[in-house]
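So you can see what is in the structure, the chains are spelled out below.
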Amino acid sequence: MAKTNPMQFLQQVRSEVGKVTWPTRRETVITTIMVFIMVAFASVFFLVVDQLLSWGIGFILGVGR
């Protein structure tokens, strides 16, 4: 593996960062809102599944009479 001095490394990093397509502020906000909505849906889904499994296991074991 070829060794690079620190100055060359920083130049290469700067060059690569310049090639990155950064999202706009609007894209970032929309994506963030979408993530929060999906987290809320997932939370409700797993709450319902957990409650159903808890009820079902309790019924099977005779605890939920």
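Reference entry: report on the structure contained in this document. (Residues numbered from 1 in each chain as written. Predicted model: local features only at pLDDT ≥ 70, side-chain atom pairs only at ≥ 80, totals over all residues. Heavy atoms only, no water.)

## Overview of the overall build of the chain
Thought 1: Within the chain one finds 2 helices and 0 strands.
Thought 2: Over its C-alpha trace the chain gives a radius of gyration of 25 Å, far above what one expects of a compact globule, namely 11 Å for 65 residues.
Thought 3: Seen along its three principal axes, the alpha-carbon backbone of the chain occupies a region of about 75 × 35 × 10 Å.
Thought 4: Taking all 65 residues of the chain together, 2% fall into the buried category.
Thought 5: Entry remark: accessible area of the chain is about 6600 Å², with carbon and sulfur atoms responsible for 71%. (Helix = DSSP H or I, 4+ residues; strand = E, 2+ residues; numbered from the N terminus. Rg over C-alpha atoms; globule rule 2.2 N^0.38 Å. Buried < 20%, exposed > 50% of the residue type's maximum accessible area, 1.4 Å probe, protein only. Areas by Shrake-Rupley, 256 points an atom, 1.4 Å probe, with all protein chains shown as cover.)

## Points about helix H1 (residues 6-19)
Thought 1: The end-to-end C-alpha distance of H1 is 20 Å, a good match for the 20 Å that 14 residues give at a rise of 1.5 Å each.
Thought 2: Burial within H1 is sparse, with just 0 of its 14 residues counted as buried.
Thought 3: Sitting at the head of H1, Asn5 places a side-chain oxygen 3.1 Å from the backbone nitrogen of Met7. (Expected span 1.5 Å × (residues − 1). Polar contact = N/O pair within 3.5 Å; in protein donor to acceptor, adjacent residues only side chain to side chain.)

## Thoughts on a nonpolar patch on the surface
Thought 1: A grouping of Met7, Phe9, Leu10, Val13, Val17, Val20 and Trp22 is seen on the molecular surface, where their side chains present a nonpolar patch of about 710 Å² in accessible area.
Thought 2: By the element assignment, Val13 lies in helix H1.
Thought 3: In this structure Val13 comes out as partly exposed when scored by relative accessible area, which is 35%. (Patch = residues over 30% accessible without salt bridge, like charges linked within 9 Å, V, L, I, M, F, W, Y side chains within 5 Å. Salt bridge = Lys/Arg side-chain N within 4 Å of Asp/Glu carboxyl O.)

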